[in-house]
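# Examination of the molecular architecture
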Amino acid sequence: MDWMKRKSVPHMDLIITVLGATRICSQFATSVFIFCGVFYFNPKSLLLLYVITRFHSFFNHSSSWLMTLLCVVFCLKISNFHHVFLLRLKMIVSKQVVHLIVASALIAFCNILLLCWFDHIEFPKYMVNNVTADGTGIPQRSIILLVTYLLCNFVPFLLYCTSSVLVIASLCFHVNRMKLNQTATVNLDAYYNVIKFMMLSMAYYILNATSCAAVIYSHQFCSLDIIWVYITLDIFPIFNSIYLILRTNKLRDHFLKIFQHGINCLRNRYTEDPVQTIMK
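Calculation notes
Residues numbered from 1 in each chain as written. Predicted model: local features only at pLDDT ≥ 70, side-chain atom pairs only at ≥ 80, totals over all residues. Heavy atoms only, no water. Phe/Tyr/Trp six-rings, centres within 6.5 Å; stacked < 30°, edge-to-face > 60°. Patch = residues over 30% accessible without salt bridge, like charges linked within 9 Å, V, L, I, M, F, W, Y side chains within 5 Å. Areas by Shrake-Rupley, 256 points an atom, 1.4 Å probe, with all protein chains shown as cover. Salt bridge = Lys/Arg side-chain N within 4 Å of Asp/Glu carboxyl O. Helix = DSSP H or I, 4+ residues; strand = E, 2+ residues; numbered from the N terminus. Buried < 20%, exposed > 50% of the residue type's maximum accessible area, 1.4 Å probe, protein only. UniProt positions renumbered as here; feature names shortened; annotations may be inferred. Contact = heavy atoms within 4.5 Å.

This brings us to the packing of aromatic side chains. As enumerated under the stated definition, the model contains six aromatic pairs in all. The structure contains a cluster of three or more aromatic residues connected by ring pairs, namely Phe55, Phe58 and Phe59.

This is the structure we're talking about:
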């Protein structure tokens with residue numbers, strides 16, 4: 001709404017907005033895939049399902065990078081380290097947030113191109129040259145896909161964990177200094193809430209990355225149903241989105257306003273005079 005009113009949008013709000021958009025698109029792609037796979041599955045729909053799969057991978061990978069960017073910006077915003085590298089990085093990031101958002105989308109797009117290249121060019125060539133009658137090449141293909149997935153997600157995972165640890169360490173040092181200061185009268189609950197928020201978010205990210213790797217591994221080696229793969233991969237972003245909404249004051253206020261508006265619309269609809277409804 002601030003952007004539509006031509007107001008300046010804080011960097012955190014901008015990243016959260018784009019993150020929400022990518023998660024909405026990812027959930028939509030999952031819903032379409034499950035709906036088509038369950039109710040309208042036929043050999044002609046395989047191409048459509050493959051395209052939906054790649055769209056889901058694109059938005060899911062973009063979401064991971066945006067979560068990492070959000071944590072990095074948050075780290076540079078509230079941490080009180082005075083190292084030259086961190087100060088210069090803070091200055092660069094504060095001026096290039098929009099470019100970094102675009103860069104996250106480009107990285108996700110390159111990841112999709114890599115997977116498509118492997119599926120349509122490298123893997124058929126590999127199958128012709130190396131697969132024997134007993135199919136010994138299939139596990140090697142699975143290992144290659146798993147390693148590719150891990151490499152594509154290792155960098156954002158490392159950046160996210162590093163930024164989270166720096167934020168938690170910085171806040172802990174600051175709280176300890178305030179406790180040592182006998183004249184400090186500042187309420188420390190806000191600091192403890194932020195530390196708790198960062199620790200839970202980092203635990204979510206680690207659990208999400210571990211679960212994704214385990215699910216992809218199970219799908220490649222154990223022929224796990226792909227619908228359950230999609231459901232599992234989308235559970236954690238849903239919970240994290242709910243947690244972000246509940247812990248962010250602006251998101252929580254807007255959500256409550258929208259929810260209250262929906263309740264009022266339903267109430268007015270069902271308490272309307274039947275005569276007026278017939279006349280309408």
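There is more to say, and it comes next.
Before going further, it helps to spend a moment on a nonpolar patch on the surface. On the surface, a cluster of nonpolar side chains totalling about 520 Å² of accessible area is made up of Ile231, Ile235, Ile238, Phe239, Ile242 and Leu246. Structurally, Ile231 is set in helix α7 (residues 226-247). Under the relative-accessibility criterion, Ile231 is labelled partly exposed at 31%.

Next up on the list: the UniProt feature "transmembrane region" (unreviewed entry) in the protein chain. In this structure's numbering, the residues bearing the UniProt feature "transmembrane region" (unreviewed entry) are residues 12-41, 65-85, 97-118, 143-169 and 227-246. Taken end to end, residues 65-85 has its terminal C-alpha atoms 21 Å apart, with 76% of it in helix and 0% in strand. As annotated, residues 97-118 has a helix share of 100% and a strand share of 0%, and its two end C-alpha atoms lie 32 Å apart.

Inspection of the secondary structure assignment puts Tyr205 in helix α6 (residues 189-222). Tyr205 sits in the buried class, given a relative accessible area of 7%. Once the C-alpha coordinates of Tyr205 and Thr68 are considered, the two residues, 137 residues apart in sequence, prove to be 9.5 Å apart. For Tyr205, the residues in contact, after removing those within four places along its chain, are Ser64, Met67, Thr68, Pro156, Phe157 and Tyr160.

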